[in-house]
Amino acid sequence: MDDFLSDTVTKPTPGMRQAMAAAEVGDDVFGEDPTINALQERVAALFGHEATLFTPSGSMANQIALQSLLSPGDGLLCEYDAHILAYEAGAAAMFGGITTRTWSGEFSPGLIREAGYYHAPTRAIAVEQTHNVNAGAITPLSTLDQIHATGLPVHCDGARIWNAHVATGIPLATYGRLFTTISVCLSKGLGAPVGSLVIGGTELIGRARLIRKRLGGGMRQAGILAAAGLYALDHHIDRMAEDHERAGRLAEALKPWSRWGGTNIVYLDLEVDAPPVAEQALAMGVRVGATGPRTIRMITHLDVDDAAVDRAIDALRKVIPGAR
Ligand SMILES: *Cc1c(COP(=O)(O)O)cnc(C)c1O
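What counts as what
- Residues numbered from 1 in each chain as written.
- Predicted model: local features only at pLDDT ≥ 70, side-chain atom pairs only at ≥ 80, totals over all residues.
- Heavy atoms only, no water.
- Helix = DSSP H or I, 4+ residues; strand = E, 2+ residues; numbered from the N terminus.
- Rg over C-alpha atoms; globule rule 2.2 N^0.38 Å.
- Buried < 20%, exposed > 50% of the residue type's maximum accessible area, 1.4 Å probe, protein only.
- Contact = heavy atoms within 4.5 Å.
- Areas by Shrake-Rupley, 256 points an atom, 1.4 Å probe, with all protein chains shown as cover.
- Lys, Arg positive; Asp, Glu negative; His and termini not counted.
- Charge placed at Lys NZ, Arg CZ, Asp CG, Glu CD.
- Axes fitted to C-alpha atoms, helices over the stretch in contact; angles between N-to-C directions.
- Parallel < 35°, antiparallel > 145°, perpendicular 65-115°, else oblique.
- Left-handed = near helix turned anticlockwise from the far one by under 90°.
- Nonpolar A, V, L, I, M, F, W, Y, C, P; charged D, E, K, R; others polar.
- Expected span 1.5 Å × (residues − 1).
- Core = buried A, V, L, I, M, F, W, Y, C linked by side-chain atoms within 4.5 Å.
- Pairing = 2+ DSSP bridges.
- Arc of directions from axis to C-beta.
- Phe/Tyr/Trp six-rings, centres within 6.5 Å; stacked < 30°, edge-to-face > 60°.
- Lys NZ or Arg CZ within 6 Å of the ring centre and 35° of its normal.

Q: Describe the overall build of the chain, naming the residues involved and giving the relevant values.
A: Across its full length, the chain holds 13 helices and 13 strands. Compactness check: the chain gives a C-alpha radius of gyration of 20 Å against a globular reference of 20 Å for 324 residues, within 12% of the reference. Scored against the burial criterion, the 324 residues of the chain give a buried share of 54%. Once local pairs closer than 6 in sequence are excluded, the contacts in the chain between residues at least 24 apart make up 73%. For the chain, the accessible surface area stands at approximately 13500 Å², while carbon and sulfur atoms represent 53% of it. Across the chain, 27 positive and 35 negative side-chain charges occur, with their mean positions spaced 3 Å apart.

Q: Talk me through the packing of helix α11 (residues 240-253) against helix α13 (residues 306-319); I want residue IDs and the actual numbers.
A: Close contact between α11 and α13 brings their axes to 10 Å; oriented N to C, the two are set at 20°. What the angle tells us is that α11 and α13 run roughly parallel. Where α11 crosses over α13, the two elements pack in a sense that is right-handed. In this structure, α11 contributes E245, R246, R249, L250 and A253 to the contact, and α13 contributes D306, V309, D310, A312, I313 and R317.

Q: Summarise the packing of helix α3 (residues 58-69) against helix α9 (residues 202-214); cite the residues concerned and give the values.
A: At a closest axis distance of 9 Å, the pairing of α3 and α9 adopts a crossing angle of 120°. What the angle tells us is that α3 and α9 run oblique. Note on packing geometry: the crossing formed by α3 with α9 is right-handed. Contact residues: M60, I64, Q67, S68 and L69 in α3; L204, R207, A208, I211 and R212 in α9. A per-class count over the contact of α3 with α9 returns six nonpolar, two polar and two charged.

Q: Residue-level account of α13, with values.
A: The first and last C-alpha atoms of α13 sit 20 Å apart over 14 residues, in line with the 20 Å expected at 1.5 Å per residue. Burial in α13 covers these residues: A308, V309, A312, I313, A315, L316 and V319. For α13, the elements touching its buried residues are β1 (2-3), α11, β10 (265-269), α12 (274-283), β11 (286-287) and β13 (295-299).

Q: Break down the nonpolar core for me, citing the residues and quoting the values.
A: L39, F47, F54, I161, W162, F179 and V184 are the most contacted members of the largest nonpolar core, which has 44 residues in total. It is helix α10 (residues 223-235) that provides the largest number of residues to this core, a total of seven residues. What V184 contacts, discounting residues up to four positions off in sequence, is V43, F47, G158, A159, I161, W162, S196, L197 and I199. By size, the runner-up hydrophobic cluster in this structure holds 27 residues, among which are A251, V266, L268 and V286.

Q: So, the sheet that holds β10: which residues are in play, and what are the values?
A: Reading across the sheet, the four strands line up as β9-β10-β13-β12 and stay open at both edges, with antiparallel pairing between neighbours. Edge positions in the sheet fall to β9 (258-260) and β12 (289-292), since each of these pairs with one other strand and no more. Sheet twist, expressed as the average angle between the axes of neighbouring strands with direction ignored, equals 30°. Here β9 pairs with β10 via three bridges, running antiparallel. Residue pairing in the sheet places S258 in a bridge with L268 of β10. α11 contacts β9, β10 and β13 of the sheet and is inclined by roughly 155° relative to β9.

Q: Summarise α12; cite the residues concerned and give the values.
A: Note on helix geometry: an α-helix contains 3.6 residues per turn, so any two residues three or four positions apart are oriented the same way. Regarding α12, the residues found buried are A274, V277, A278 and A281. One side of α12 carries all its buried residues, which in axial view fall inside an arc of 100°. Turned more than 90 degrees from where α12 packs its buried face, E279 and A283 sit exposed. Residues of α12 that are buried make contact with β11, β12, β13 and α13. A positive phi of about 90° marks G285, the residue just after α12.

Q: Give me the lowdown on the packing of aromatic side chains, citing residues and values where you can.
A: According to the stated counting rule, one finds three aromatic pairs in the structure shown. With a centroid separation of 5.7 Å and an interplanar angle of 70°, the aromatic rings of F47 and W162 are classed as edge-to-face. On the criterion of sequence distance, the pair formed by F47 in helix α2 (residues 34-47) and W162 in helix α7 (residues 161-168) is long-range, its members being 115 residues apart. W162 carries the same exposure label as F47, and that label is buried. Ring plane angle 85° and centroid distance 5.3 Å describe the contact between Y117 and Y118, whose orientation is recorded as edge-to-face. One exposure class covers both Y117 and Y118, and it is exposed. Directly above the aromatic system of F30 lies the positively charged group of R220, at a separation of 5.9 Å from the ring centroid.

This is the structure in structure tokens:
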């Protein structure tokens, strides 16, 4: 089966498995896992920040970052369809006591609420780079600069910030300067089996460490997982350009339905119900996600090659009514 459901479906490569098997490990709750420490230092240096913290998932990394920045009753400004709000099962409200105020389309500083009698004061702003449900679109530096200029702490959900870096050539450290905290995923385009990191200043990451403990995210000999991440940073960043090229080819071939943000995600907005189209494609060996009643999402990654893209184009043209 050719699997375009998500970039999380990748399996560790033989080289990655070798690196995992050979990893030196220790008890990371005591800060004694040398491979975790190496990964945390490496990622901090990449983004030009003081510290980072390894976490079991991207959602936990995001929620730890938000709780490090905000106290119960504080307001967070983010996009209405941000992963941190719409796809993390209400965690910000439930565990952080965080109130969200959202925007759709263009960010405007006019949305910021001052402290006063009526409002939950805006204490942080969150952005998503790349933007998952906006077809992997890259938020331009001009917008990020505008958000940075508010002077409020800014969190970046950077699950796919690697893709933005590869697609634009903008250094990770340039992004790093614009954000107070960043979460990054090792298990999406980078192809590691598990793991994310929270990035920030020393004091903030100290707080993050306590919150991770509270959430049950402290792990022991997890250097085996960090080794996969280090391997991915060495071998799987530059190759993401291939994923983008393949997604672009899918988008071009599946016009007029396609939406493509320039990275590894393509959405198809159909005139018919999406689930039967996805089922028929699956019967032809191509798995795609029916993410809305008439919406299909396809993501390219390490485990789909040019031939898989050809087969997907062929299958979808057969099952979408009215395709050429
Ligand atoms: C996948 C994803 C995450 C993290 O997801 P987990 O499954 O918890 O690792 C966070 N933000 C975005 C935009 C994502 O696509």
